[in-house]
Amino acid sequence: MAFCSEQKLVFARKNHRCTWCGQVIQKGVGYWSWTGVIDNGWSTSKVHLECLEPLDEECHENGGEYEPFCNERPIATLPVPAGIL
């Protein structure tokens with residue numbers, strides 16, 4: 001991308017499709033979003049919280065590019081609250 005805005009955490013007001021894995025981002029769920037220019041047009045990316053890390057790794061390895069909508073969704077992990085273990 002020639003231009004890319006900062007990533008921001010938002011909560012879905014409707015269902016969206018994850019740009020990384022292609023699965024549904026359910027209404028009410030948090031996801032990462034950013035906008036950029038690619039191929040002379042504007043594009044908005046929306047990804048599950050757990051999909052951001054593998055997407056960033058793929059972009060780092062491939063000069064900022066990745067194949068959208070066809071990657072494996074990682075298993076979401078939740079942090080363990082202090083005092084549980």
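See the structure shown above.
Within each chain, residue numbers correspond to sequence positions counted from 1 in written order. Reporting of local features is limited, given that this is a predicted model, to residues whose pLDDT is at least 70; pairs of side-chain atoms are given and counted only at 80 or more, and all residues count toward the totals for whole chains, interfaces and linings. With hydrogens and water stripped out, all remaining heavy atoms of the structure feed into the side-chain values.

1. So, the environment of Arg-13
Working step 1: Within the element layout of this structure, Arg-13 appears in the loop between β2 (8-11) and β3 (16-17).
Working step 2: Here Arg-13 falls in the exposed class, since its relative accessible area comes to 76%. Only DSSP runs of H or I covering at least 4 residues are called helices, and only runs of E covering at least 2 are called strands; the numbering of each starts at the N terminus. A 1.4 Å probe rolled over the protein chains alone gives each residue an accessible area, and that area as a share of the maximum for its type sets the label: buried under 20%, exposed over 50%, partly exposed in between.

2. Here's the deal with the packing of aromatic side chains
Working step 1: Side-chain rings of Phe, Tyr and Trp, where Trp is taken by its six-membered ring, are said to pair if the distance between their centres is within 6.5 Å; with planes under 30 degrees apart they count as stacked, over 60 as edge-to-face, and otherwise as tilted. One pass over the structure, following the stated rule, counts one aromatic pair.
Working step 2: A ring pair is formed by Trp-20 and Tyr-66, whose centres lie 5.9 Å apart and whose planes are at 45 degrees; its orientation type is tilted. One end of the pair, Trp-20, is in the loop between β3 and β4 (24-25); the other, Tyr-66, is in the segment after α1 (52-61), with 46 residues separating them in the sequence. Note on accessibility: Trp-20 and Tyr-66 belong to one class, buried.

3. Some thoughts on α1
Along an α-helix, residues three or four positions apart point the same way, because every turn accommodates 3.6 residues.
Working step 1: Looking at α1, one finds that the buried residues are Leu-52, Leu-55 and Cys-59. The arc that holds the buried residues of α1, viewed along the axis, is 65 degrees, so those residues lie on one side. Exposed side chains of α1 directed beyond 90 degrees from the buried face belong to Glu-53, His-60 and Glu-61.
Working step 2: Note on contacts: a residue pair qualifies if any of its non-hydrogen atoms lie within 4.5 Å across the two residues. Tucked into the core, α1 has its buried residues touching β5 (30-38) and β6 (41-48).
Working step 3: Phi turns positive, to about 65 degrees, at Gly-63, one or two residues after α1. In this description, one arc is meant: the one made by directions from the helix axis to the C-beta atoms.

4. Points about a nonpolar patch on the surface
Working step 1: Together, Leu-9, Phe-11 and Leu-49 make up an exposed nonpolar region whose accessible area comes to about 310 Å².
Working step 2: Its location among the elements puts Phe-11 in strand β2. Any residue with relative accessible area above 30% and no salt bridge may belong to a patch, with like charges joined within 9 Å and the nonpolar Val, Leu, Ile, Met, Phe, Trp and Tyr side chains within 5 Å. The accessible surface values rely on the Shrake-Rupley method and a 1.4 Å probe; as for residues, cover is taken only from the protein chains in view. For salt bridges, the criterion is a side-chain nitrogen of Lys or Arg within 4 Å of an Asp or Glu carboxyl oxygen.

5. What to know about a negative patch on the surface
Working step 1: Side chains of Glu-53, Asp-56, Glu-57 and Glu-61 sit close together on the surface and give a patch of like negative charge.
Working step 2: Position of Glu-61 relative to the elements: it lies in helix α1. Counted as positive: Lys and Arg. Counted as negative: Asp and Glu, with His and the chain ends omitted from the count. Taken as the charge centre is NZ of Lys, CZ of Arg, CG of Asp or CD of Glu, depending on the residue.

6. Quick word on the side chain of Asn-71
Working step 1: Its place among the elements puts Asn-71 in the segment after α1.
Working step 2: A 3.5 Å cut-off defines polar contacts: any pair of N or O atoms within that distance qualifies, except that in protein one atom must be a possible hydrogen donor and the other a possible acceptor, and neighbouring residues in sequence count only when both atoms are side-chain atoms. A polar contact is formed between the side chain of Asn-71 and the backbone oxygen of Trp-20, at a distance of 3.1 Å.
Working step 3: Reaching out from Asn-71, the side chain makes a polar contact with the backbone oxygen of Glu-67 at a distance of 2.6 Å.
Working step 4: Residues within four places of Asn-71 in sequence aside, it is in contact with Trp-20, Cys-21 and Tyr-66.

7. Here's the deal with the pattern of salt bridges
Working step 1: As enumerated under the stated definition, the model contains one salt bridge in all.
Working step 2: Note that Arg-73 and Glu-50 form a salt bridge whose closest N and O atoms lie 2.7 Å from each other. In this pair, Arg-73 sits in the segment after α1 while Glu-50 sits in the loop between β6 and α1, placing the two residues 23 residues apart along the sequence.
Working step 3: What makes Arg-73 partly exposed here is its relative accessible area of 30%.

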